[in-house]
Amino acid sequence: MAGLAKTRRQERDRARIVTPILTLKEALASPWLTVRVQIALGLFFVVAALPKLVDPPSFAHMIYNYRIVPGTFVNVLALVMPWFELLAGLALILGIWTRTSAALVGALLLVFIVAISLNLARTNAIDCGCFDVSAANKTAQERLADMRLVVLRDVGMLFMVAQILWTKGRTTVGAPAA
C-alpha cells in the first residue's frame, strides 16, 4: 500500500506543470517593462515640451519666477530646454539613443527636483511650468501643495529613468563588441 501511494505521488509530481517564478531583478529587467517605461517617460517629456515650444515668453517668465537662474540666461533656457525635453522624449519613444536620452531626462529631472525643492524651502510659491505655461489662479498654499506633488512625481519618474539605465546597462555589458 505504501509503495502504491508513493508511486501515485511521484506521478502527480511529474504531471504538475511548474511555472517559473520571476525574481524582482528579472521582472525589472524584462524588455516588456522597459519598453513601456521608455514610452511612458518619453510621452511625459514630449507632452511637457509642447506648450513651452509654443509659448517661449511665458516659459521664460516661469523660469524667472524660480529666482535661481541669472536674468541673462532665462531667455536662452526658455528657448533651449524645451527642445532637449522634446528630443529626449522622442528618442525614448522611438527607442534610439536610449541610454543617452534616459541620462538626459534623469539630469533634467534632478535639476527640476532641486529647483522646486529649493523654492519649497524658501516658501516661494511658483507654478512649476511643467505641462502648462499659463499662470493658474491658485493661492500660495495651493501652489506649495502642488509643488510638493510635483517633486514626488519627478522622483517617481527618476525611478523610471533608473530602471531604463539599469536594464540597458545590464544588456550592453555582456554584449559582444560591434
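Residues numbered from 1 in each chain as written. Predicted model: local features only at pLDDT ≥ 70, side-chain atom pairs only at ≥ 80, totals over all residues. Heavy atoms only, no water.

Undergrad: Where do I start with the overall build of the chain in this structure?
TA: For the chain, the count of helices and strands is seven helices and zero strands. From first element to last, N terminus to C terminus, the chain shows the α and β order α-α-α-α-α-α-α. Element-wise, carbon and sulfur atoms account for 69% of the exposed surface of the chain, whose accessible area totals about 11400 Å². (Helix = DSSP H or I, 4+ residues; strand = E, 2+ residues; numbered from the N terminus. Areas by Shrake-Rupley, 256 points an atom, 1.4 Å probe, with all protein chains shown as cover.)

Undergrad: Looking at this structure, I do not really get helix α3 (residues 31-54). What am I missing?
TA: Owing to its 3.6 residues per turn, the α-helix brings residues three or four apart onto one side. Between its terminal C-alpha atoms α3 stretches 35 Å, which fits the 34 Å expected from 24 residues at 1.5 Å a residue. Taken together, the buried positions of α3 are occupied by T34, V37, Q38, L41, G42, F45, V46, A48, A49 and K52. (Expected span 1.5 Å × (residues − 1). Buried < 20%, exposed > 50% of the residue type's maximum accessible area, 1.4 Å probe, protein only.)

Undergrad: Explain the layout of surface pockets to me, please; I cannot follow it from the model alone.
TA: Any empty space left between the atoms is revealed when a probe the size of a water molecule rolls over them. The volume enclosed by the largest pocket comes to roughly 380 Å³. Around the largest pocket, the lining is made up of 25 residues, and of these Y66, M81, V111, F112 and A115 lie nearest the centre. Ranked by the residues each element gives to the lining of the largest pocket, the list is headed by helix α6 (residues 98-121), at six residues. Of the residues contributing to the lining of the largest pocket, the split by class is 20 nonpolar, one polar and four charged. (1 Å grid on protein atoms, 1.4 Å probe; cavity = no way out; pocket = protein on both sides within 12 Å on 5 of 7 lines; lining within 4 Å. Points joined across faces, edges and corners; volume = space filled by probe spheres on them. Nonpolar A, V, L, I, M, F, W, Y, C, P; charged D, E, K, R; others polar.)

Undergrad: Any chance you could explain a nonpolar patch on the surface here in plain terms?
TA: On the surface, W83, L87, L90, L94, I96 and W97 cluster together to form a nonpolar patch covering roughly 700 Å² of accessible area. In this fold, W97 is placed in the loop between α5 (71-94) and α6. (Patch = residues over 30% accessible without salt bridge, like charges linked within 9 Å, V, L, I, M, F, W, Y side chains within 5 Å. Salt bridge = Lys/Arg side-chain N within 4 Å of Asp/Glu carboxyl O.)

Undergrad: Can you help me understand the nonpolar core in this one?
TA: Nonpolar side chains tend to gather and get buried jointly when the protein is soluble and globular. In this structure, L41, F45, V105 and L109 are the most contacted members of the largest nonpolar core, which totals 21 residues. Among the secondary structure elements, those contributing two or more residues to this core are α3, α4 (56-65), α5, α6 and α7 (140-173). Not counting the four nearest positions on each side in its chain, L109 is found in contact with F45, D154, M157, L158 and V161. I116, L144, M147 and V151 belong to the second largest nonpolar core, which has 13 residues in total. (Core = buried A, V, L, I, M, F, W, Y, C linked by side-chain atoms within 4.5 Å. Contact = heavy atoms within 4.5 Å.)

Undergrad: For this particular structure, what's the right way to read the environment of D55?
TA: Relative to the elements of secondary structure, D55 occurs in the loop between α3 and α4. Distance from D55 to D132, taken between C-alpha atoms, is 9.9 Å for residues 77 residues apart in sequence. Of the polar contacts made by the side chain of D55, one reaches the side chain of S58; its length is 2.6 Å. (Polar contact = N/O pair within 3.5 Å; in protein donor to acceptor, adjacent residues only side chain to side chain.)

Undergrad: Can you walk me through the pattern of salt bridges in this structure?
TA: Oppositely charged side chains can form a pair if their charged atoms are brought close together. Summed over all chains, the structure comprises two salt bridges. A salt bridge links K52 to E85; its shortest N-O distance comes to 3.0 Å. Residue K52 is found in helix α3, and its partner E85 is found in helix α5; the two are separated by 33 residues along the sequence. Here D154 ties to R153 by a salt bridge, and the two come within 3.2 Å at their closest N and O atoms.

Undergrad: I tried to follow the side chain of Q38 on my own but got confused; where do I start?
TA: Tracing the backbone through its elements, the reader meets Q38 in helix α3. A distance of 3.5 Å separates polar atoms of two side chains, one belonging to Q38 and the other to K168. Contacts of Q38, omitting those with residues within four sequence positions, involve L92, I93, G95, T98, I164 and K168.

Undergrad: What's the story with the environment of L87 in this structure? I'm lost.
TA: Inspection of the secondary structure assignment puts L87 in helix α5. The class for L87 is exposed, based on a relative accessible area of 52%. Taking the C-alpha atoms as reference, L87 lies 10.0 Å from L104; in sequence the two are 17 residues apart.

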